[in-house]
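Take a look at the letters that make up each chain.
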Amino acid sequence: MTENTGSKLDSFQKKKNKEEMQQQLISFALMIVFTILAFVVVITGMDKMIAIPILITLAVVQVGFQFYYFMHMKHEGHEMAAVMIYGGVWAALLTLAGLTVITWW
Amino acid sequence: MSHDHSLNPETMPHDPEKATLEGKNKFIGFWFFLGGETVLFASLFGTYLALHNSTAGGPSGQDLFGLELVFVMTVLLLTSSLTSVYAIYHMKNNDFKKMALWFVITIILGFGFVGCEIYEFTHYITEYGFSFRSSAFGSAFYALLGFHGGHVTFGLFWAIVLLIRNAKRGLNLYNAPKFYIWSLYWHFIDVVWVFIFTVVYLMGKVG
């Protein structure tokens, strides 16, 4: 069954899937580059006031690629998914703010 | 029953994972779960940030962490994230065999990651005597890393069970959401790891 189904699939849809795959490959390459950049920042021994914001920015960008390309959040019909995950991110930021404020202040 | 029909070119919907009500519900429910997981990991990260300097005279992150192993682990998990994207690509093209093959590759990479993590923990315990009970830093470190490693291990067994259970069924509208949801879980695990290698290892080395 699996042998002959692939060829008869809607060719427009197949092409769309292929285009998406290419975008995902580009995001993967960029994520590898960002990872290497982050390690380079640490190895060069940059000042921590500069290094930490750079590291966090690189992490946030990578997570954006994961959410929007790998987890398909850029597709239609992800409004509820976005509400759920950003709701979680919001509560997560409050948690982090609370825990850091009580220890550093 | 209509939801159990195998997919064929005439009935293949564009998004098989969301073609049934059950699939749609799983999709929304799983994103809700991931929102909750975000908060769970945030509280572990917050605890780690609060306690990572409380080493009680024991080894600190700067003494312990080796960036080479962390880099290998990052690449393993990031690559496994890509291979699960390949699996879903083949699912959308209705090719069960190729999907299963990429799932197996993902699982192998995942086991590579868990192996590195077990090696890392054994190294810390045997060489440095750094355990869960060493210091507040130790407790926070192993709690955060252990929760993540536990998620990876759980995900691996989940994927194996999915593959065995559906080996003879092929793809249908009943199991397509199950595979898709697993891939979301796996990407989320990589999201958490991105923050672990940034906050724990890299920022730990920076100071």
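Just so it is clear, the structure is predicted and the values come from calculations on it, not from any experiment.

Colleague: An account of the overall build of chain A is requested, with residue identities and associated values reported.
Modeller: Scanning chain A for helices and strands turns up four helices and zero strands. Beginning at the N terminus, the succession of helices and strands in chain A can be written as α-α-α-α. For 105 residues, the compact-globule estimate of 2.2 N^0.38 gives 13 Å, and the C-alpha radius of gyration of chain A, at 20 Å, exceeds that figure by more than 25%. Projected onto the principal axes, the alpha-carbon positions of chain A cover approximately 65 × 35 × 20 Å. For chain A, with 105 residues in total, the buried portion stands at 37%.

Colleague: Report on the layout of surface pockets, specifying residues and quantitative values.
Modeller: By volume, the largest pocket amounts to about 670 Å³. If you list the elements that add at least two residues to the lining of the largest pocket, you get α3 (48-70) and α4 (79-104) of chain A together with α1 (21-51) and α6 (176-206) of chain B. A per-element tally of the lining of the largest pocket places α4(A) first, with eight residues. Taken together, the residues of the lining of the largest pocket break down into 23 nonpolar, four polar and no charged.

Colleague: Help me get a handle on the UniProt feature "domain: Heme-copper oxidase subunit III family profile" (unreviewed entry) in chain B, residues and values and all.
Modeller: UniProt's entry tags residues 28-205 of chain B with the feature "domain: Heme-copper oxidase subunit III family profile" (unreviewed entry), counted in the numbering of this structure. End C-alpha atoms of residues 28-205 of chain B are separated by 39 Å, and the span's content is 83% helix alongside 0% strand.

Colleague: I'd love a proper account of the domain arrangement of chain A, names of residues and values included.
Modeller: Residue and element names in this part refer to chain A. Here chain A is partitioned into domain 1 (2-71) and domain 2 (75-105). Averaged C-alpha coordinates put domain 1 and domain 2 at centres separated by 22 Å. Both sides of the domain 1 and domain 2 interface together cover about 320 Å² of buried area, and 51% of this is carbon and sulfur. Joining domain 1 to domain 2, the criterion identifies zero salt bridges. One can count two residue pairs in polar contact (both at pLDDT 80 or more) joining domain 1 with domain 2. For the side of domain 1 that touches domain 2, a count of residues per class yields three nonpolar, no polar and one charged.

Colleague: Explain the interface of chain B and chain A residue by residue, including any values.
Modeller: Between chain B and chain A, the contact holds 55 residues from the first and 56 residues from the second. Among the residues of chain B in contact with chain A, Trp31(B), Leu78(B) and Val206(B) are the three that bury the most area, contributing 13% of the side total. Where chain B meets chain A, there are zero salt bridges. In this assembly, chain B and chain A are joined by five residue pairs in polar contact (both at pLDDT 80 or more). For the side of chain B that touches chain A, the secondary-structure elements that each account for two or more residues are α1, α3 (67-92), α4 (96-128) and α6 of chain B. No other element matches the 15 residues that α1(B) contributes to the side of chain B that touches chain A. Here the residues of the side of chain B that touches chain A sort into 33 nonpolar, 16 polar and six charged.

Colleague: Kindly report on the pattern of salt bridges, identifying the contributing residues and their values.
Modeller: Residue and element names in this part refer to chain B. What the rule picks out here adds up to three salt bridges over all chains. When the shortest N-O distance is used, the salt bridge between Lys92 and Asp15 registers 3.4 Å. Separated by 77 residues along the polypeptide, Lys92 in helix α3 and Asp15 in the segment before α1 bring together distant segments of the chain. The salt bridge partner of Glu17 is Lys92, with a shortest N-O separation of 3.7 Å. Here Lys92 lies in helix α3 and Glu17 lies in the segment before α1, a separation of 75 residues in the sequence. Salt bridges linked by common partners bring Asp15, Glu17 and Lys92 together as one network.

Colleague: So what's going on with the UniProt feature "transmembrane region" (unreviewed entry) in chain B? Which residues, and what values?
Modeller: Residue and element names in this part refer to chain B. UniProt marks residues 28-49, 69-89, 101-121, 141-164 and 184-204 with the feature "transmembrane region" (unreviewed entry), using the numbering shown here. The span residues 28-49 carries 100% helix and 0% strand; its end-to-end C-alpha distance comes to 32 Å. With 100% helix and 0% strand, residues 69-89 has end C-alpha atoms that lie 30 Å from one another.

Colleague: Can you explain empty space enclosed by the protein? Please cite residues and give values.
Modeller: The method is simple in principle: a probe with the dimensions of a water molecule rolls over the atoms, and the space it marks as empty is what remains. Counted under the stated rule, the structure contains three cavities of 30 Å³ or more. Considering only enclosed or pocket space, the largest cavity measures out at about 60 Å³ in volume. In terms of lining, the largest cavity is formed by Asn17(A), Glu20(A), Met21(A), Gln24(A), His72(A), Val85(B), Ile88(B), Tyr89(B) and Lys92(B). Put simply, the parts of the chain that give the lining of the largest cavity at least two residues each are α2 (11-43) of chain A together with α3 of chain B.

Colleague: Describe the side chain of Thr106(B), with residues and values.
Modeller: All names here are of chain B. Structurally, Thr106 can be placed in helix α4. By relative accessible area, Thr106 is classed as buried at 0%. A polar atom in the side chain of Thr106 sits 2.8 Å from the side chain of Thr83. Setting aside residues up to four positions removed in sequence, Thr106 forms contacts with Ser80, Thr83, Ser84, Trp182 and Trp186.

Thresholds, definitions, all that
Residues numbered from 1 in each chain as written. Chains lettered and ligands numbered in written order. Predicted model: local features only at pLDDT ≥ 70, side-chain atom pairs only at ≥ 80, totals over all residues. Heavy atoms only, no water. Helix = DSSP H or I, 4+ residues; strand = E, 2+ residues; numbered from the N terminus. Rg over C-alpha atoms; globule rule 2.2 N^0.38 Å. Buried < 20%, exposed > 50% of the residue type's maximum accessible area, 1.4 Å probe, protein only. 1 Å grid on protein atoms, 1.4 Å probe; cavity = no way out; pocket = protein on both sides within 12 Å on 5 of 7 lines; lining within 4 Å. Points joined across faces, edges and corners; volume = space filled by probe spheres on them. Nonpolar A, V, L, I, M, F, W, Y, C, P; charged D, E, K, R; others polar. UniProt positions renumbered as here; feature names shortened; annotations may be inferred. Domains from an automatic or database assignment. Buried area = accessible area lost by both parts, 1.4 Å probe. Salt bridge = Lys/Arg side-chain N within 4 Å of Asp/Glu carboxyl O. Polar contact = N/O pair within 3.5 Å; in protein donor to acceptor, adjacent residues only side chain to side chain. Contact = heavy atoms within 4.5 Å.

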